[in-house]
Amino acid sequence: MLFHTIRTKLFFVFLAISVIPVFIITYISYNSYTKLVSKQVSLVASNTVSNTVERIDNIFQNIDRITLSFQQFSTQPGATTVSQELNKLINKPNIDQYDLFLARTKMLFFFNNLVLSNSYLNGIYIFLPNGNSISYGNGTDLAVNYQPLKDEWYQQTLQKGGGLYISDTDTKSFIINAKPSITFSRALYDPDTRQLLGVLMLDCDLNIFKGIDKDIVPNITNMFLANGKGKILYDNSKERIGQTIPDSFMELIAENPEGTVEQTRGGMLSVIKPFPDNDWRIIASLSLNELYKQFGVSQRLIIYIALLCSVIFFLLSIFLSGLITKPIIELSRVMRKNKSLHFVTTKKHLERDDEIGILYTEYNNMIKDIDLYIKESYQSKLITLDSQMKALEAQINSHFLYNTLESINSIAEIEEVESISIMTKALGDMFRYSIKTDSELVSVEDELSHVNNYLTIQKIRFEHKIDFFFYIQSDLDSMRILKLILQPVIENALYHGLEKTRNSGSITITGYTSNDQIIFEVADNGVGMSEEQLNDLQRLLSEPPEFNELGQRNKRSIGLKNVHSRIALYYGAGYGLTLESHKDAGTKVTINIPKIVQE
């Protein structure tokens, strides 16, 4: 029985149409947002790793280019090449320290240029086949009497037969003042005889990899640069250099030794990408849990908003159902007590067993008595009131107001207050123009004269803060348009577009004909409107105009909606106002009306 009451029905209806959509939208929004974040994170991580690979590969290509062309460089401008100098040394029966000193002196200019153009170079070392060396260090040098012939790096460099050998990132014991570094070495051969000239070693500071992690998210991303053996050459924290990469990454590399690997497991997004020209790999490990904590505010906000909306809608459902049904319930109780008035019943809605059925039964009976009462009593009272209103309106004589303005103008001229004289004269002309009732159509010249009177007043008010520009087609003066359609639009631009701006502003009024139409454009460079404000205003203009009872005036101000409605009612639905606006970039209102030539 409780469910049959209209209050209960409305409560469940309000609850259903408000809470259910909220939960649906929340569910969709939450899932969409989570998927979007995951997709974007994966894309950013992949792009970051690809960019890092490209940067390091460029460095690798530069090192490869330097070591390949090293022996072809001239020791000094116009002098012998490195290859020629090395040939002299290895073909000499006995090489002493003075010979090595002379060779180093000749190459010094070339060494300086190479270090200056590559700031990560710690030292350049050339080891001859007999173990002697020519060194150039940037704050470093080779240990005295160092012989590399039996060292592993030297043997592996020779085994590559001219290929590039890359060491691990560690501190080289044979270099004085050494810090953790990475070396690139290549065997040098005579291009004609293929005789071994020596081994070139470039000792590079770990700053060679500086910047590989510039695109990663701080504190939640680990990025490693590892060689083919799994040794970490560089990492963004600089704490694991020289260590072996974790077993989980080794397993991923083993499963896909050639291509890019991307995997999400245990709240971690791992991306592994190989280099195109060597066996190095970039490994990025991103903590999704930590990342989601940063984005979790938005997710929690969605849930909190949904819960808050649900509670609000629940309370509103209770309140509105009671608010709507309370007067109906009270009226039905009163009507039940008045059955003795012999109201006539009707068959409309009698089949309903809720309060609406009772309301229609009693209300239809009341209508007949009310209708009779209106005809006999209220109708005569309304006529009386209407007569009284007309009498009051007659007392406010438009000519009296106009004459009063003329008197103020005369006093201002006598007292030599020019601004008051100008303003009252312009206001009087505006008032006289607005109360003209000869016709709704006026000439463009008269309408522009009315606009000029309005602008005269505003120029005095705003002084030099606002400029007005007119670009009116010369033959428009003979056209006839609907009265009072320009001034309200200009007023709207002034008060809503320019009054709030601190800078000087301007309003441009353009008028021209196009085909069978007259186009007026009112543009300002004021504060403009946001997209939401523009949509709201366009939606208001799209609403159909409403007629009021004859003899009544619309109490709304003469704004854009009023002008648009008057044009649409007078000329038809195809005419009216259109708007263009951008935030902080001004607004343009276009008025479109048919062309009517004055007879």
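The following refers to the structure shown. (Residues numbered from 1 in each chain as written. Predicted model: local features only at pLDDT ≥ 70, side-chain atom pairs only at ≥ 80, totals over all residues. Heavy atoms only, no water.)

1. Quick notes on the overall build of the protein
Piece 1. Assigned secondary structure in the protein consists of 13 helices and 19 strands.
Piece 2. Counting every position in the protein, which comprises 599 residues, the buried fraction comes to 40%. (Helix = DSSP H or I, 4+ residues; strand = E, 2+ residues; numbered from the N terminus. Buried < 20%, exposed > 50% of the residue type's maximum accessible area, 1.4 Å probe, protein only.)

2. Describing unusual backbone geometry
Piece 1. With a phi angle near 60°, R194 is a residue other than glycine that sits in the positive phi range.
Piece 2. Residue position: R194 is located in the loop between β6 (181-189) and β7 (196-205).
Piece 3. By relative accessible area, which is 52% here, R194 ends up exposed.
Piece 4. We note that N515 has phi near 55°; this positive angle belongs to a residue other than glycine.
Piece 5. Take N515: it is sitting in the loop between β16 (505-514) and β17 (517-524).

3. With respect to the packing of aromatic side chains
Piece 1. Throughout the structure, instances matching the rule amount to 14 aromatic pairs.
Piece 2. Plain terms: the ring middles of W153 and Y154 are 5.7 Å apart, the flat faces sit at 85° to each other, and that makes the pair edge-to-face. For the residue pair W153 and Y154, the accessibility class agrees, reading buried in each case.
Piece 3. Ring geometry for Y571 and Y575: centres 6.1 Å apart, planes at 65°, overall edge-to-face. (Phe/Tyr/Trp six-rings, centres within 6.5 Å; stacked < 30°, edge-to-face > 60°.)

4. Focus on the sheet that holds strand β11 (residues 268-274)
Piece 1. Pairing is antiparallel across the open sheet formed by five strands, whose spatial order is β9-β8-β12-β11-β10. Edge positions in the open sheet fall to β9 (232-235) and β10 (261-265), since each of these has one partner strand only. Each neighbouring strand pair of the sheet contributes to a mean axis angle of 15°, computed without reference to strand direction.
Piece 2. Relative to strand β12 (residues 281-287), strand β8 (residues 221-226) is paired through six bridges, and the arrangement is antiparallel. Bridge pairing in β12 places T221 opposite L286.
Piece 3. Sheet strands in contact with helix α5 (residues 247-255) are β8, β10, β11 and β12, and its direction is about 50° off that of β11. (Pairing = 2+ DSSP bridges. Axes fitted to C-alpha atoms, helices over the stretch in contact; angles between N-to-C directions. Contact = heavy atoms within 4.5 Å.)

5. Considering the packing of helix α12 (residues 531-542) against helix α13 (residues 560-571)
Piece 1. Taken N-terminus to C-terminus, the directions of α12 and α13 make an angle of 35°; their axes are 9 Å apart at the nearest point. Where α12 crosses over α13, the two elements pack in a sense that is right-handed. Listed contacts from α13 to L537, L540 and L541 of α12 are L560, K561 and H564.
Piece 2. Grouping the amino acids of the contact of α12 with α13 by side-chain chemistry returns four nonpolar, one polar and one charged. (Left-handed = near helix turned anticlockwise from the far one by under 90°. Nonpolar A, V, L, I, M, F, W, Y, C, P; charged D, E, K, R; others polar.)

6. So, a nonpolar patch on the surface
Piece 1. Where nonpolar side chains cluster on the molecular surface, the patch consists of I20, I24, Y27 and I28 and spans about 430 Å² of accessible area.
Piece 2. Along the chain, I24 falls in helix α1 (residues 6-69).
Piece 3. The class of I24 is partly exposed, set by a relative accessible area of 47%. (Patch = residues over 30% accessible without salt bridge, like charges linked within 9 Å, V, L, I, M, F, W, Y side chains within 5 Å. Areas by Shrake-Rupley, 256 points an atom, 1.4 Å probe, with all protein chains shown as cover. Salt bridge = Lys/Arg side-chain N within 4 Å of Asp/Glu carboxyl O.)

7. Side note on the pattern of salt bridges
Two side chains carrying opposite charge are able to pair once their charged atoms lie near each other.
Piece 1. Applying the stated criterion across every chain yields a total of seven salt bridges.
Piece 2. Across the pair R186 and D64 runs a salt bridge, and its minimum N-O distance is 2.4 Å. Separated by 122 residues along the polypeptide, R186 in strand β6 and D64 in helix α1 bring together distant segments of the chain. Just as R186 is buried, D64 falls in that class too.
Piece 3. Here D99 ties to K92 by a salt bridge, and the two come within 2.8 Å at their closest N and O atoms.

8. Thoughts on the nonpolar core
Piece 1. Counting residues in hydrophobic clusters, the biggest one holds 52 residues, and the most contacted among them are F70, F209 and W280.
Piece 2. With nine residues, the top contributor of residues to this core is α1.
Piece 3. Discounting chain neighbours no more than four positions away, the residues touching W280 are I56, I166, I182, F184, F209, L225, A226, N227, L233, P274 and F275.
Piece 4. In terms of nonpolar packing, the next biggest core, distinct from the first, is built from 38 residues, Y454, L494, Y571 and L579 among them. (Core = buried A, V, L, I, M, F, W, Y, C linked by side-chain atoms within 4.5 Å.)

9. Some words on the pairing of β6
Piece 1. Burial analysis of β6 places nine of its nine residues in the buried class, the great majority of the element.
Piece 2. The alternating pattern of β6 places S181, T183, S185, A187 and Y189 on one face and I182, F184, R186 and L188 on the opposite face, and all of these are buried.
Piece 3. Pairing analysis gives two bridges linking strand β4 (residues 165-166) to β6, with the strands arranged antiparallel. The residue bridging I166 from the neighbouring strand is F184, located in β6.
Piece 4. Judged from the nine bridges that link them, β6 and β7 form a sheet pairing that is antiparallel. Bridge assignment links S185 to a residue of β7, and that residue is M201.
Piece 5. The hairpin formed by β6 and β7 contains six residues between the paired strands, and R194 there has a positive phi angle of roughly 60°.

10. Regarding the pairing of strand β18 (residues 576-582)
Piece 1. As paired strands, β18 and strand β19 (residues 586-594) are joined by seven bridges and run antiparallel to one another. Looking at β19, one finds that G576 is bridged to N592.
Piece 2. From the end of β18 to the start of β19, which pair antiparallel, there are three residues, and D584 there has a positive phi angle of about 60°.

11. Topic: the environment of G259
Piece 1. Structurally, G259 is set in the loop between α5 and β10.
Piece 2. For G259, a relative accessible area of 26% translates into the label partly exposed.
Piece 3. Once residues within four sequence positions are removed from consideration, G259 is found in contact with I272 and P274.

12. Considerations on the sheet that holds strand β2 (residues 133-137)
Piece 1. Reading across from one edge, β2-β1-β7-β6-β4 is the order of the five strands in this open sheet, with antiparallel pairing throughout. Edge strands, defined here as strands with exactly one partner in the open sheet, are β2 and β4.
Piece 2. Of the pairings in the sheet, the one linking strand β1 (residues 121-127) to β7 comprises six bridges and is antiparallel in character. If you follow I124 over to β7, its bridge partner there is L202.
Piece 3. Strands β1 and β2 of the sheet are contacted by helix α3 (residues 97-117), whose axis makes an angle of about 35° with β2.

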